[in-house]
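Summary of structural features
Single-letter residue listing:
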Amino acid sequence: MDRGSPHPTFGIEEEFLVLDPGTGRPTPRAADVLREVPATGSDVTGDFAAEFARFQLEANTPVCRTAAEAHDHLISARRSLVAAAGRRNLRMVSTGYSPLGMPDPVPITDKPRYRRIGDRFGLLLDSHATTGCHVHVGMPDLATSLAVSNHLRPHLPALLALTANSPFCDGRDTGHASWRTIVWSRLPSAGPPPVHRDPASYQRAVDLLLASGAALDRAMVYWLVRPAPHLSTLEIRVADAAGTAEEALLLALLVRALAAVALQDVAEDRPAPELPDERLRLALWRAAHDGLEGQGLDDTGELVPARSLLDELVKTALPALDASGDTQLVTGALDRLLRHGSGAHRQRLAHARRQDIADVIDLLAEQTGATPPT
């Protein structure tokens, strides 16, 4: 984090699926796309990497200080990947789960760590083949990072509802707005972050995951909020892969603003809201089920419109958004999202026109390469 700035630095990881244009199914050719990226132009920013499955890849922005920086990096990366995929006659899509499901078995990228994960977790391999949008926020030290994590816990269901973008699997509607969340949550080291009283309690929780075999290493501590291994950041991992670059930026700016508010609360010794683990877990399930268009569980355990939870989140974030000058950008993006519907809702609308999953895949491909309004 830039200690000379009141606004935390941030970065965004976007994960994508590589699809066969004929079948619409994931195809193990991410390496082909990555080899083509340098040929797409000299304005490529950020970096690209293979992921667990050979049909996944990720794009990582550099450390960003402003919304404009992040916007430019997101657009550049998506354009580069879509162009690279096109050169290999492939399609690139951003969605939390493949609408036509996963190959059986999932083809694993040839890295020793990934092979060890495959050996340990067997048929849970498809849980690793989901795709998300992760936001990193710069933190000064581990203790502060853990305290901020505690403050962010109540906002995770609203962030999930906002970003739900994976309603289909095997060509059918799963009945959930974020099927990625349901599949991912089967992993024993995944789920909502525990409350961390101090670095020692965090270390005990990590040690237990490692000792039990639920995690092979620290990178497999898959909490929805975690101190990022080897980075001085707090990583927020609750969101599906964003349908559009604008939605990825919206998520990042909201997360950074919430973290900035939490940093101020921590500095002034304001305690994090009390939220029992079981209530948070149920609220996350309801968000994954209903998305933004349905209902969510509030902090009293009552069902309320999911949009009212989002309103409360924005209200909390607003002082930091005002301070960073991002309020107009965020409210404009939110207005467009609420007008057109969440990613999950738009996928369902596309499918409803002809009951053809190919229309969903066409929508996803179009969105992935679209340039957001300025």
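The structure under discussion appears in the preceding block.
Only a predicted model underlies this, so the values are computations on that prediction, with no experimental measurement involved.

Criteria and thresholds
- Residues numbered from 1 in each chain as written.
- Predicted model: local features only at pLDDT ≥ 70, side-chain atom pairs only at ≥ 80, totals over all residues.
- Heavy atoms only, no water.
- Helix = DSSP H or I, 4+ residues; strand = E, 2+ residues; numbered from the N terminus.
- Rg over C-alpha atoms; globule rule 2.2 N^0.38 Å.
- Buried < 20%, exposed > 50% of the residue type's maximum accessible area, 1.4 Å probe, protein only.
- Areas by Shrake-Rupley, 256 points an atom, 1.4 Å probe, with all protein chains shown as cover.
- Lys, Arg positive; Asp, Glu negative; His and termini not counted.
- Charge placed at Lys NZ, Arg CZ, Asp CG, Glu CD.
- Disulfide = S-S within 2.5 Å.
- Expected span 1.5 Å × (residues − 1).
- Contact = heavy atoms within 4.5 Å.
- Pairing = 2+ DSSP bridges.

Remarks on the overall build of the protein
If you tally the helices and strands in the protein, you get 13 helices and 13 strands. Computed over its C-alpha atoms, the radius of gyration of the protein comes to 19 Å, within 12% of the 21 Å expected for a compact globule of 374 residues. Summarising its shape, the C-alpha atoms of the protein cover approximately 55 × 45 × 45 Å along the three principal directions. Within the protein, the proportion of its 374 residues that are buried is 56%. For the protein, the accessible surface area stands at approximately 15600 Å², while carbon and sulfur atoms represent 53% of it. Separation of charge centres in the protein, based on 38 positive and 47 negative side chains, amounts to 4 Å.

A closer look at helix 5 (residues 156-163)
The α-helix winds at 3.6 residues per turn, so residues separated by three or four positions along the chain end up facing the same way. With respect to burial, helix 5 is a largely interior element, 8 of its 8 residues being buried. All of the buried residues along helix 5 are Leu-156, Pro-157, Ala-158, Leu-159, Leu-160, Ala-161, Leu-162 and Thr-163.

Comments concerning the state of the cysteines
All told, the structure shown has 0 disulfides when counted by the stated rule. Counting only cysteine sulfurs, Cys-64 is the nearest neighbor of Cys-133, a cysteine outside any disulfide, at a range of 12 Å.

Digging into helix 11 (residues 327-340)
Taking 1.5 Å per residue, 14 residues should reach 20 Å; helix 11 reaches 20 Å between its end C-alpha atoms and fits that length. For helix 11, the complete set of buried residues consists of Thr-327, Val-330, Gly-332, Ala-333, Leu-334 and Leu-337. On its buried face, helix 11 is in contact with helix 5, helix 8 (245-267) and helix 10 (306-324).

Focus: the pairing of strand 1 (residues 10-19)
With 10 of 10 residues buried, strand 1 lies mostly within the body of the structure. Burial along strand 1 is two-sided: Phe-10, Ile-12, Glu-14, Phe-16 and Val-18 and Gly-11, Glu-13, Glu-15, Leu-17 and Leu-19, pointing in opposite directions, are all buried. One ladder, built from 5 bridges, connects strand 1 with strand 5 (residues 132-138); its direction is antiparallel. Looking at strand 5, one finds that Glu-14 is bridged to Cys-133. Pairing between strand 1 and strand 3 (residues 56-60): 5 bridges, direction antiparallel. Within the sheet, the bridge partner assigned to Leu-17 lies in strand 3 and is Gln-56. Where strand 1 lies against strand 4 (residues 91-93), 3 bridges are found, and the strand directions are antiparallel. Opposite Val-18, over in strand 4, you have Met-92 as the bridge partner.

Considerations on unusual backbone geometry
The omega torsion across Asp-104 and Pro-105 is 0 degrees, close enough to zero to call that bond cis. Positive phi values are uncommon outside glycine, yet Asp-170 reaches one of about 55 degrees. By the element assignment, Asp-170 lies in the loop between strand 6 (168-169) and strand 7 (172-173). The partly exposed category is assigned to Asp-170, whose relative accessible area is 45%. Here Gln-355, not a glycine, exhibits a phi torsion of approximately 60 degrees, which is positive. Locating Gln-355 in the fold gives a position in the loop between helix 12 (343-354) and helix 13 (357-369).

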